[in-house]
Amino acid sequence: GDPRVLIAVLDSGSYWEDRDLVNKWFLSERERPPPADACQKPENRGEGKRKYDANADGVFNVQDYTTATGHEQPAIGKLCDGRVMDKNRNGIVDPQDLIAAFSDGKDDDKNGYIDDIAGWDFFRNDNDAMDETRYGHGTGEAHDSAGETDNGVGEAGVCPKCRVMPLRVGDSFVADAN
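Each value, and the rule that gives it
Residues numbered from 1 in each chain as written. Predicted model: local features only at pLDDT ≥ 70, side-chain atom pairs only at ≥ 80, totals over all residues. Heavy atoms only, no water. Core = buried A, V, L, I, M, F, W, Y, C linked by side-chain atoms within 4.5 Å. Buried < 20%, exposed > 50% of the residue type's maximum accessible area, 1.4 Å probe, protein only. Helix = DSSP H or I, 4+ residues; strand = E, 2+ residues; numbered from the N terminus. Contact = heavy atoms within 4.5 Å. Arc of directions from axis to C-beta. Disulfide = S-S within 2.5 Å. Phe/Tyr/Trp six-rings, centres within 6.5 Å; stacked < 30°, edge-to-face > 60°. Lys NZ or Arg CZ within 6 Å of the ring centre and 35° of its normal.

Here we come to the nonpolar core. One finds W16 and L98 to be the most contacted residues of the largest nonpolar core, which totals 26 residues. Put simply, the parts of the chain that give this core at least two residues each are β1 (6–11), α1 (95–102) and α2 (137–146). It is α1 that provides the largest number of residues to this core, a total of three residues. Excluding residues that lie within four positions of it along the chain, L98 makes contacts with L27, V62, Y65, V84, V93, S103 and I117.

Next up, the structure:
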């Protein structure tokens, strides 16, 4: 697996707070500002030097808004960007918190989807691909594709270093048995 590989999961949406996937969700660099200076490694700090990969681990993810690194969960207690809060109150920084913090009603990347910070919900036509029915199929598919390795939570996916973009296309995944 390679963190430059992006896997799109077209399904029932995802559980943003899933501990095996929270560090794997794709984040669009062009729909939000980079993490605050307080999050940046010293070499990234200064006017015009802020980078999205604030912790310089080669991957841009929710950890870049916290002091968490490696397999650590991006806990709220590790938050280093004052613009981000635990909006969904689950104890970790996840893409839904970034959606709440940085949605500004603009299509900054000019791809036709306003504030598509971490995927898209085609079922509700909004920027939050959360599986609100709690069906879980999309999250399961994301696990199979890119579950994180060696984090003490779940099993590795087939491409454990790949990134995942949830694209919600329905509220459940039901196969016709006929």
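Below, the discussion takes up α2. Among the residues of α2, those classed as buried are G138, T139, A142, S145 and A146. For α2, the angular spread of the buried residues around the axis is 120 degrees, confining them to a single face. Where α2 is buried, its residues meet β1 and β3 (163–168).

Attention now moves to the state of the cysteines. Within this structure, the stated rule accounts for two disulfides. Covalently, C39 is tied to C80 through a disulfide, its sulfur atoms 2.1 Å apart. Across the S-S bond linking C39 and C80, the dihedral sits near 120 degrees, which makes this disulfide right-handed. Highlighted residues: C39 in the loop between β1 and α1 and C80 in the loop between β1 and α1, separated in sequence by 41 residues.

Given two aromatic rings, one states the distance between the centres and the angle between the planes to describe the pair. By the definition in use, this model includes six aromatic pairs. Both rings, one in W16 and one in W25, keep their centres 5.4 Å apart while their planes meet at 80 degrees; by these two values the pair is edge-to-face. Each member of the pair, W16 as well as W25, is classed as buried. Within the aromatic cluster, the residues linked to one another by ring pairs are Y52, F60, Y65 and F102. A cation over an aromatic ring shows up here: R134 above the ring of Y15, its NZ or CZ 3.9 Å from the ring centre.

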